Amino acid sequence: MIEVKNLVKKYGTHLAVDHLDFQLEPGRIYGFLGPNGAGKSTTMNIMTGYLGATEGAVVIDGHDILREPEEAKKHIGYLPELPPLYMDMTVLEYLEFAAELKEIPKKEREASVQKVMDITKLNDVQFRLIKNLSKGYRQRVGLAQAILGFPDIIILDEPTVGLDPKQIIEIRELIRELAKEHTVILSSHILAEVREVCDYIMIISRGKLVASDTPENLEHLMAGQNSLEIETKAEPERVRKILRSISGVDKIELERTEEATTYARIETGTAVSGENQDIREAIFLAFAEAGCPLLMLKASKASLEEVFMELTQGEEATADAGDL
Ligand code: ADP
Ligand code: MG
């Protein structure tokens, strides 16, 4: 398990990580989602012990990353934003070197390196110099290095940046495969990617954790907090009149459908279902009394895009030193 306790990172006066506090359970794929400059890489660098925090602590499987770095790091494989590849080594040499650094016992090294090359499909280029590899292959080498030794926790900073669509699909499949036996944490500024791969999304905005939940629950989060949809055969003007008689109904949008029904989107001043009242009951009863059966009545769902936009509102995408 990973515990991130009240983490703060300041660069000068700039607060890049602003009191992050969360715990990650084993066996899930977590996605750090946030615009460029949100603080994802900084957080990952601190979690993996590459960067000191200004305040707070990170505990990996019971080991504080600063006080017991060797013990803590044994549990982590990390693909940083810019993987530290040695350009003049061949793929095989580099992975053997990485295995040594990771203190994988000598007699297991060869098999271990072979296994990650199989998984990341690097066999064909194992004798090539890293400097002669394409961006996609270099990314795979970085990934191979991260999963070498199969640590419990695999942390990947923007693993698909700069890859072509085919490579992206391959890397995503690989991540899903890894997640069967590992905890995977990846970062991305692309909502679609996180939604597709992760089973838990943590939205980071200006160094703060602004939401963390499953994609489904995030959609429900604002979902229907104050909007409803109904459908009935009654004419739009009739529907408007009935709705207007219900207290709590604020805004009404009506649409006549091709099936000769009226579809209404309703905004309510307060939550759809409060402690003592549920406006859905009032709507149901009002339409029943008016002799207009409802064909459909539901709290409407916000899309994940809407949730993301709402939560990271106003944050500019910046292309500064932090997100090279
Ligand atoms: P992300 O990975 O979400 O794009 P980063 O963690 O790279 O965000 O950056 C968070 C903020 O911290 C940005 O505003 C960035 O400019 C700033 N930052 C990152 N690294 C440094 C650094 N070494 N020195 C000064 N500011 C930095
Ligand atoms: Mg980054």
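None of these values were measured; they are calculated from a predicted model.

1. Topic: the layout of surface pockets
Then step 1. If you add up the space inside the largest pocket, you get close to 780 Å³.
Then step 2. Among the secondary structure elements, those contributing two or more residues to the lining of the largest pocket are helix H2 (69–73), strand E6 (76–79), helix H3 (91–101) and helix H4 (106–119).
Then step 3. Tallying contributions element by element places H3 first for the lining of the largest pocket, with four residues.
Then step 4. Here the lining of the largest pocket is built from residues that sort into 15 nonpolar, five polar and six charged.

2. Quick notes on the coordination of the magnesium ion (ligand 2)
Then step 1. Distances from the magnesium ion (ligand 2) to its protein donors, Ser41 (OG) and Glu81 (OE), fall within 2.0 to 2.5 Å. One end of the pair, Ser41, is in helix H1 (residues 40–47); the other, Glu81, is in the loop between E6 and H3, with 40 residues separating them in the sequence.

3. Here's the deal with the environment of Ile185
Then step 1. Its location among the elements puts Ile185 in strand E8 (residues 183–188).
Then step 2. Classification of Ile185 as buried rests on a relative accessible area of 0%.
Then step 3. Here the alpha-carbon distance between Ile185 and Ser112, two residues 73 residues apart in the chain, equals 22 Å.
Then step 4. In contact with Ile185, not counting residues within four places along its chain, are Ile2, Leu24, Tyr30, Phe32, Met44, Met47, Ile153, Ile154, Ile155 and Leu156.

4. Thoughts on the domain arrangement of the protein
Then step 1. By the assigned domains, the protein splits into domain 1 (1–219) and domain 2 (223–299).
Then step 2. Just the C-alpha atoms count here: the centres of domain 1 and domain 2 sit 47 Å apart.

5. So, the pattern of salt bridges
Then step 1. The full count for this structure, using the stated rule, is twelve salt bridges.
Then step 2. In this structure, Lys166 and Glu170 form a salt bridge, with 3.4 Å as the shortest nitrogen-oxygen distance. Here Glu170 and Lys166 lie together in helix H6 (residues 165–178), a separation of four residues that amounts to about one turn.
Then step 3. Among the residues examined, Lys166 registers a relative accessible area of 60% and is labelled exposed.
Then step 4. The exposure class assigned to Glu170 is partly exposed, which follows from its relative accessible area of 23%.
Then step 5. Where Glu196 meets Arg172, a salt bridge forms, and the shortest distance between an N and an O atom there is 3.6 Å. Here the residue Glu196 occupies a position in helix H7 (residues 191–197), and Arg172 occupies one in helix H6, the gap between them amounting to 24 residues.
Then step 6. Connected via shared salt-bridge partners are Arg172, Arg176, Glu193 and Glu196.

6. What to know about the sheet that holds E6
Then step 1. Spatially, six strands are ordered E6-E7-E8-E3-E9-E10 in an open sheet, and the strand pairing comes out mixed. If you trace the sheet from one side to the other, it starts and ends with E6 and strand E10 (208–213), each paired once. When the angles between neighbouring strand axes are averaged without regard to direction, this sheet yields 15°.

7. Some points on the packing of aromatic side chains
Then step 1. Per the stated rule, a full pass over the model turns up five aromatic pairs.
Then step 2. Ring plane angle 65° and centroid distance 5.4 Å describe the contact between Tyr30 and Tyr200, whose orientation is recorded as edge-to-face. Taken together, the residues span a long stretch of sequence, with Tyr30 in strand E3 (residues 29–33) and Tyr200 in strand E9 (residues 200–205) at a distance of 170 residues. Residue Tyr30 shares its accessibility class with Tyr200, and that shared class is buried.
Then step 3. Where Tyr86 meets Tyr94, the ring centres are 6.2 Å apart and the plane angle is 45°; that geometry is what we call tilted.
Then step 4. By relative accessible area, which is 43% here, Tyr86 ends up partly exposed.
Then step 5. On the basis of relative accessible area, Tyr94 is assigned to the buried category, the value being 4%.
Then step 6. Among the aromatic residues, those joined into a cluster by ring pairs are Tyr86, Tyr94 and Phe97.
Then step 7. The positively charged end of Lys73 is found above the aromatic ring belonging to Tyr50, 5.3 Å away from the centroid.

Cut-off values and rules
Residues numbered from 1 in each chain as written. Chains lettered and ligands numbered in written order. Predicted model: local features only at pLDDT ≥ 70, side-chain atom pairs only at ≥ 80, totals over all residues. Heavy atoms only, no water. 1 Å grid on protein atoms, 1.4 Å probe; cavity = no way out; pocket = protein on both sides within 12 Å on 5 of 7 lines; lining within 4 Å. Points joined across faces, edges and corners; volume = space filled by probe spheres on them. Helix = DSSP H or I, 4+ residues; strand = E, 2+ residues; numbered from the N terminus. Nonpolar A, V, L, I, M, F, W, Y, C, P; charged D, E, K, R; others polar. Donors = N, O, S within 2.8 Å, 3.2 Å for Na, K, Ca; no water. Buried < 20%, exposed > 50% of the residue type's maximum accessible area, 1.4 Å probe, protein only. Contact = heavy atoms within 4.5 Å. Domains from an automatic or database assignment. Salt bridge = Lys/Arg side-chain N within 4 Å of Asp/Glu carboxyl O. Pairing = 2+ DSSP bridges. Axes fitted to C-alpha atoms, helices over the stretch in contact; angles between N-to-C directions. Phe/Tyr/Trp six-rings, centres within 6.5 Å; stacked < 30°, edge-to-face > 60°. Lys NZ or Arg CZ within 6 Å of the ring centre and 35° of its normal.

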